[in-house]
Amino acid sequence: MPKSKVFQSFAEAVADIPDGSTVGFGGFAVVGMPINLYEALAEQGSKGLTCVSNGTRGGSTMPSDAPTMEWLIRNDQVRKVICSFTAPTRASQKLVFSEYYEKGLIEAELVPQGTLAERMRAAGAGIPAFYTPAAVGTELAEGRETRVFNGREYLLEEALPLDYAFIRAHQADAFGNLRFRRSQRNFNPLMAMAARVTIVEVEEDILPVGAIDPDDVHLSGIFVHRLVKIPPPPEGWWPQRPAEVAKQEAERSAR
Amino acid sequence: MSDGAKGLTRQQMCDRLAMEFQDGWIVNLGIGIPTLCSNFDFGDKQIIFHAENGVIGYGPLTGAGREDLHLVNAGGQHVTLHPGAAIVNHADSFGMIRSGRIDVTVLGAYEVAENGDFANWKMAGQKGGGIGGAMDLAACAKHVFVAMEQVTRRGQPRLVERCAIPVTARGVVDLVITNYGLYEITPEGMALREIAPGISVDEVKATTGCNLSIPREVPPVKVRG
């Protein structure tokens, strides 16, 4: 009987992550973001991390004190980020990441979003590299290998393997078969495919093996190694309605 | 940028682009001004909205208090789903984009050049950038429309001979709407097609940084209703 994939705490699930690891953090605009695992890794304290994610923070459905990659950045745990956003999308927005990046304390690799997804899918599919039309003719392609197929120019991109993937799912069985809900899927299955070890925070109680119909599994447990059930709030982190977040932010700034 | 600017409002700008969407088109809207295209009344036309985060067939924004916290569009806004909607992962979503399944993407921009190059991911002198899905979309959508203001906050033209800041893609823009008018990129360069009410051809010329083909009679920007 192999060792159980079900862990009793986030701390236990991230305890062995060594300095210098490459970690993928799933999620898109908070949905599917591994909020609880961010907190656990900040407490665990491993350094020199390369963090792969769509961006370096969350969105409007989490209060500004909720765990995001910003916790790891402030803790001096991050050596490099690989993201499709390394600057704010609005001039009025300020990123913790930008403070560190502008001082040269963190490296950044900026990647088009579709290329980021495909580089992880490729890593999980045993494909070392591929050609894509995205970013051809731009600053990102300068000095890099391109090739013409059927009269069109494509840019060579390499697979992006991860040491660890941190993701969030709606349902899991004890083997690690996962179901996501609505737009929670996003990067999460791809990061799991790319990773040597995938750690999942699960919203519903972890189900017995066989409880999810095989046709309804979104990601096979073959790609999943550790599962932790998210406790109810306030012990666990859960997204909230934008109005509720705004109210909390107003109360915070009034204090 | 504000609706206090001259000419068209942002909603009127997006309405004009939305009129170009054909029945059955798969449409991807960039964050910012372009999201307003989804407010347009498409009547009998079936338009399917695709979001980079794998939401195919999303509908209007949800009202406050009724959000599904598992469901956002690519701008992070809480949306509803139309009957027949589907959810896919990010790789499949961008597979749809790169393989040419998206009929049109509407994007914001800092600059559009007369040869169809455009720039929207990095401001001058900025360290880092915000690409998101724009490079994949711009390189691969069948049509690329841009919605932006006619001039920068400092009054500089955004319609230019060559982009001065790093481009998102080259030679891809078909149609540009600004608060001053509707422009088409043709093999011969940029052409003014329609002009906003209250804006003169001289004002358009004075605020455009490239050669512009202008017909003798410029029709007003089409409005619905």
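Now for a quick tour of the structure. (Residues numbered from 1 in each chain as written. Chains lettered and ligands numbered in written order. Predicted model: local features only at pLDDT ≥ 70, side-chain atom pairs only at ≥ 80, totals over all residues.)

### Comments concerning the overall build of chain B
Here is step 1: A count of helices and strands for chain B gives four helices and 13 strands.
Here is step 2: In terms of overall dimensions, chain B is globule-like: its C-alpha atoms have a radius of gyration of 17 Å, near the 17 Å expected for 225 residues.
Here is step 3: In terms of principal-axis extent, the alpha carbons of chain B reach across some 50 × 45 × 30 Å.
Here is step 4: Burial statistics for chain B: of 225 residues in total, 52% are counted as buried.
Here is step 5: The long-range share in chain B, meaning contacts at least 24 apart out of those at least 6 apart in sequence, stands at 64%. (Helix = DSSP H or I, 4+ residues; strand = E, 2+ residues; numbered from the N terminus. Rg over C-alpha atoms; globule rule 2.2 N^0.38 Å. Buried ≥ 20, exposed ≤ 12 C-beta atoms within 10 Å, placed from the backbone. Contact = placed C-beta atoms within 7 Å.)

### Comments concerning the overall build of chain A
Here is step 1: When helices and strands are tallied, chain A shows seven helices and twelve strands.
Here is step 2: The C-alpha radius of gyration computed for chain A amounts to 19 Å, which stays within 12% of the reference 18 Å derived for 255 residues, consistent with globular compactness.
Here is step 3: Out of the 255 residues in chain A, the part that is buried amounts to 51%.
Here is step 4: For chain A, the share of sequence-separated contacts (at least 6 apart) that also reach a separation of at least 24 residues comes to 79%.

### Digging into the sheet that holds strand E6 (residues 111–113) of chain B
Residues and elements named next belong to chain B.
Here is step 1: As summarised here, the arrangement of the three strands in space is E7-E6-E9, forming an open sheet in which the pairing is mixed. Edge strands, defined here as strands with exactly one partner in the open sheet, are strand E7 (118–119) and strand E9 (159–160).
Here is step 2: Looking at chain direction, E6 and E7 are connected through two bridges and run antiparallel. Residue Glu111 lies in a different strand from E7, and its bridge partner there is Ala119. (Pairing = 2+ DSSP bridges.)

### Observations regarding the interface of chain B and chain A
Here is step 1: Tallying the contact residues gives 38 residues for chain B and 43 residues for chain A.
Here is step 2: Taken together, the elements giving at least two residues each to the side of chain B that touches chain A come down to helix H2 (90–98) and helix H3 (134–140) of chain B.
Here is step 3: Its residues assigned to classes, the side of chain B that touches chain A shows 17 nonpolar, 14 polar and seven charged. (Nonpolar A, V, L, I, M, F, W, Y, C, P; charged D, E, K, R; others polar.)

### Thoughts on unusual backbone geometry
Residue and element names in this part refer to chain A.
Here is step 1: Omega for the bond connecting Pro233 with Pro234 falls within 30 degrees of zero, at 5°, which places this linkage in the cis form.
Here is step 2: When you line up the elements, Pro234 lands in the loop between strand E12 (226–229) and helix H7 (242–254).
Here is step 3: The phi torsion at Ala29 lies on the positive side, around 50°, for a residue other than glycine.
Here is step 4: Backbone geometry places Asn186, a non-glycine residue, at a positive phi of 25°.
Here is step 5: Among the structural elements, Asn186 can be located in the loop between strand E10 (178–179) and helix H6 (188–194).

### Description of the packing of helix H5 (residues 113–124) of chain A against H2 of chain B
Here is step 1: Taken N-terminus to C-terminus, the directions of H5 of chain A and H2 of chain B make an angle of 125°; their axes are 9 Å apart at the nearest point. The angle between the axes of H5 of chain A and H2 of chain B places the two elements in the oblique class. For the crossing formed where H5 of chain A meets H2 of chain B, the hand is left-handed. Facing H5 of chain A, whose interface residues are Gln113, Gly114, Ala117, Glu118 and Arg121 of chain A, H2 of chain B presents His90, Ala91, Phe94, Ile97 and Arg98 of chain B.
Here is step 2: Per-class residue counts for the contact of H5 of chain A with H2 of chain B are four nonpolar, three polar and three charged. (Axes fitted to C-alpha atoms, helices over the stretch in contact; angles between N-to-C directions. Parallel < 35°, antiparallel > 145°, perpendicular 65-115°, else oblique. Left-handed = near helix turned anticlockwise from the far one by under 90°.)

### Thoughts on the environment of Leu137 of chain B
All names here are of chain B.
Here is step 1: In this structure, Leu137 sits in helix H3.
Here is step 2: For Leu137, a count of 30 C-beta atoms within 10 Å translates into the label buried.
Here is step 3: Along the backbone, Leu137 and Val104 are 33 residues apart, and their C-alpha atoms lie at a distance of 8.8 Å.
Here is step 4: Once residues within four sequence positions are removed from consideration, Leu137 is found in contact with Asn28, Ile97, Ile102, Thr105 and Leu107.

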